[in-house]
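Here are the chains, one letter per residue:
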Amino acid sequence: MTDSGPQVAAAWESPSEERTRELGAALGRVLQPGDVVGLVGELGSGKTTLVQGIARGAGARGYVASPTFTLVREYEGRLRLYHVDLFRLQPEDLEGIGFDDLLEADGAVLVEWADRAAGHLPADTLWVEVVGTGAEVRTFRVRPAGERARRLVDRWRAEVEAVGARPGR
Ligand SMILES: Nc1ncnc2c1ncn2[C@@H]1O[C@H](COP(=O)(O)OP(=O)(O)OP(=O)(O)O)[C@@H](O)[C@H]1O
Ligand SMILES: [Mg+2]
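For clarity, every value in this text was computed on a predicted model and none was experimentally measured.

Engineer: How do you make sense of the site of ligand 1 when you look at a structure like this?
Structural biologist: The local shell around ligand 1 holds 16 residues, among which Thr20, Gly46, Lys47, Thr48 and Thr49 are the closest. Contributing elements (two or more residues each) for the shell around ligand 1: helix H1 (17–30) and helix H2 (47–57). Considering every element that reaches the shell around ligand 1, the biggest residue donor is H2, with 3 residues. Looking at side-chain class alone, the shell around ligand 1 contains 3 nonpolar, 9 polar and 4 charged residues.

Engineer: So what exactly am I meant to see when it comes to the nonpolar core here?
Structural biologist: Soluble globular proteins: nonpolar side chains tend toward being buried together. With 38 residues, the main nonpolar core has Leu39, Ile54, Leu81, Leu110, Val111, Leu126 and Val128 as its most contacted residues. Contact partners of valine 128, with chain neighbours within four places excluded, come to Val37, Gly38, Leu39, Phe140 and Val142.

Engineer: Explanation requested: the environment of glutamate 74 in the structure shown.
Structural biologist: Within the element layout of this structure, glutamate 74 appears in strand E4 (residues 72–76). When the 18 C-beta atoms within 10 Å are taken as the criterion, glutamate 74 is described as partly exposed. A C-alpha to C-alpha distance of 8.9 Å links glutamate 74 and valine 84, two positions 10 residues apart in sequence. Setting aside its immediate chain neighbours within four residues, glutamate 74 contacts Tyr63, Val64, Ser66, Arg80, Leu81 and Tyr82.

Calculation rules
Residues numbered from 1 in each chain as written. Chains lettered and ligands numbered in written order. Predicted model: local features only at pLDDT ≥ 70, side-chain atom pairs only at ≥ 80, totals over all residues. Near = placed C-beta within 6 Å. Helix = DSSP H or I, 4+ residues; strand = E, 2+ residues; numbered from the N terminus. Nonpolar A, V, L, I, M, F, W, Y, C, P; charged D, E, K, R; others polar. Core = buried A, V, L, I, M, F, W, Y, C linked by C-beta atoms within 7 Å. Buried ≥ 20, exposed ≤ 12 C-beta atoms within 10 Å, placed from the backbone. Contact = placed C-beta atoms within 7 Å.

Shown next, in the form of structure tokens:
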């Protein structure tokens, strides 16, 4: 996803884990059922941290193992979130975890290591690339692949700007 694929529609830097959670929370406040977010980035870059923020923004208190989907965590809040990590999965395992059914389910879907199964994600996916590891500042590059994802990134950006504009920051 570095040089090819959809254009970068937003890019944010995050110097801290908490700032990453805030960026995620802004997305969590505007996600809708049916949205699909594909997270890409090295080990330890901050994909899960962003997901934790998304869950917080969506009003979820914690996660449960999905009662319906193997290897999927479910968050219940303002909407249902499905969180799946493809790190240890091969593309052929996706059928076993019910990945295609997950995309048809009644929630938003957050996929870590989504580049490992890019062909299985909807054409209209919001790709989020995280660059940086360790003590480095992280850069989040947001690439909407379709109309739905473009609307989502517009709402996300508005939410990030609204928070950033608050006094005392
Ligand atoms: N700006 C930052 N944003 C997010 N995490 C940060 C930041 N700075 C340091 N960190 C640290 O980087 C690590 C990110 O871990 P996290 O589990 O979110 O990464 P990941 O991309 O999900 O990794 P994996 O590929 O193993 O699932 C955490 O230990 C966190 O404390
Ligand atoms: Mg992770």
